[in-house]
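Structural features, examined
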Amino acid sequence: MSIALKQVFNKDKTFRPKRKFEPGTQRFELHKRAQASLNSGVDLKAAVQLPNGEDLNDWVAVHVVDFFNRINLIYGTICEFCTERTCPMMSGGPKYEYRWQDDLKYKKPTALPAPQYMNLLMDWIEVQINNEDIFPTSVGVPFPKNFLQICKKILCRLFRVFVHVYIHHFDRIIIMGAEAHVNTCYKHFYYFVTELNVIDRKELEPLKEMTTRMCH
């Protein structure tokens, strides 16, 4: 990793504090195992498979939080170049437009500039993962019955960040020397969501051509 890139990724460029797991807990151990999968030389396809004897919800939970932190950081590195002027619409090229809906302020799908969409998205995910009723941190507290459905929606929306960054801002990623890092994060994410079938395949279409080249 270049010195410039280290400086970029060592800065606290995330929009909000990272969600962490308590040391000594089973979820913390799973979190460490998931993070280790980004070390060089690790087979990412194998690394995302549910370990024998582990709970699916626990495995998904630690990955959702980790992906949120990583993707938040990736967007944070280019957010100064993603403005209402450069990106008046949250899109992934001319064929794909993403509209925001949260059933609170935005009860219907609403077209928004990309930076506003991103802020709403990150805020929305942060509320989910910090809600103890959805992502319980205490040992023995069960996940809600709709936990996987909630995570599927989170992962679907996080994928849209990759779409926007790759299609509209990848030139900045290359200039910063962050291409390899972002590509590894993307491959990790892609292998995970496809291995566990937690994202609708049609959502993956905007990056299909790139993914075919990158993720054999």
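Residues numbered from 1 in each chain as written. Predicted model: local features only at pLDDT ≥ 70, side-chain atom pairs only at ≥ 80, totals over all residues. Heavy atoms only, no water.

**Regarding the overall build of the protein**
Each helix and strand counted, the protein has nine helices and zero strands in total. Each helix and strand of the protein, ordered N terminal to C terminal, gives the series α-α-α-α-α-α-α-α-α. Looking at the protein as a whole, 51% of its 216 residues are labelled buried. Sequence-distant contacts, at least 24 apart, represent 73% of the contacts inside the protein between residues at least 6 apart. (Helix = DSSP H or I, 4+ residues; strand = E, 2+ residues; numbered from the N terminus. Buried < 20%, exposed > 50% of the residue type's maximum accessible area, 1.4 Å probe, protein only. Contact = heavy atoms within 4.5 Å.)

**Digging into the UniProt feature "binding site: Zn(2+)" (unreviewed entry) in the protein**
UniProt records the feature "binding site: Zn(2+)" (unreviewed entry) for Cys-82, Cys-87, His-164 and His-169 in the present numbering. The greatest C-alpha distance among the residues just named is 10.0 Å, despite their covering 88 residues of sequence, which places them together in space. Residue placement: Cys-82 occurs in the loop between helix H4 (56-78) and helix H5 (114-129). Not counting chain neighbours up to four residues away, the residues in contact with Cys-82 comprise Tyr-75, Cys-87, Ala-114, Pro-115, His-164 and His-169. Relative to the helices and strands, His-164 resides in helix H6 (residues 147-168). Discounting residues that sit within four places of it in the chain, His-164 has contacts with Cys-82, Cys-87, Met-89, Met-90, Ser-91, Ala-114, Met-118 and His-169. (UniProt positions renumbered as here; feature names shortened; annotations may be inferred.)

**Some details on helix H8 (residues 179-195)**
Over its 17 residues, H8 runs 24 Å from end to end, which matches the ideal 24 Å to within 8%, given 1.5 Å per residue. Two residues or fewer after H8 comes Asn-197, characterised by a positive phi angle close to 55°. (Expected span 1.5 Å × (residues − 1).)

**Some thoughts on the packing of H5 against H6**
Two numbers describe how H5 lies on H6: the axes approach to 11 Å, and their chain directions differ by 150°. As far as their axial angle goes, H6 and H5 are roughly antiparallel. Seen along the crossing, H5 lies across H6 with a hand that is left-handed. Touching Ala-114, Tyr-117, Met-118, Leu-121, Met-122, Trp-124, Ile-125 and Gln-128 of H5 are Ile-150, Lys-153, Ile-154, Arg-157, Leu-158, Arg-160, Val-161 and His-164, all from H6. Partitioned by chemical class, the residues of the contact of H5 with H6 number 11 nonpolar, two polar and three charged. (Axes fitted to C-alpha atoms, helices over the stretch in contact; angles between N-to-C directions. Parallel < 35°, antiparallel > 145°, perpendicular 65-115°, else oblique. Left-handed = near helix turned anticlockwise from the far one by under 90°. Nonpolar A, V, L, I, M, F, W, Y, C, P; charged D, E, K, R; others polar.)

**A word on unusual backbone geometry**
Positive phi is not limited to glycine here, since Asp-103 has a value of about 65°. Relative to the helices and strands, Asp-103 is located in the loop between H4 and H5. A residue is classified by how much of its surface remains accessible, and Asp-103, at 48% relative accessible area, is partly exposed. The phi angle at Asn-197 is positive, at roughly 55°, despite the residue not being glycine. Assignment of secondary structure puts Asn-197 in the loop between H8 and helix H9 (208-214).

**Re the side chain of Asn-183**
Relative to the elements of secondary structure, Asn-183 occurs in helix H8. With a relative accessible area of 16%, Asn-183 lands in the buried category. Among the polar contacts listed, one links the side chain of Asn-183 to the side chain of Tyr-166, at a separation of 2.7 Å. What Asn-183 contacts, discounting residues up to four positions off in sequence, is Tyr-166, Phe-170 and Met-214. (Polar contact = N/O pair within 3.5 Å; in protein donor to acceptor, adjacent residues only side chain to side chain.)

**Here's the deal with the side chain of His-63**
Mapped onto the fold, His-63 is located in helix H4. The exposure class assigned to His-63 is buried, which follows from its relative accessible area of 1%. A polar contact is formed between the side chain of His-63 and the backbone oxygen of Trp-59, at a distance of 2.8 Å.

**Let's talk about the pattern of salt bridges**
If you walk through the whole model with that rule in mind, you get six salt bridges. As a salt-bridge pair, Arg-99 and Glu-97 come within 3.3 Å of each other at their nearest N and O atoms. Across the salt bridge formed by Glu-209 and Arg-213, the nearest N and O atoms sit 3.7 Å from each other. Of the two residues, Glu-209 and Arg-213 are both situated in helix H9; the distance of four residues between them amounts to about one turn of the helix. Residue class for Glu-209 comes out exposed when judged on its relative accessible area of 62%. (Salt bridge = Lys/Arg side-chain N within 4 Å of Asp/Glu carboxyl O.)

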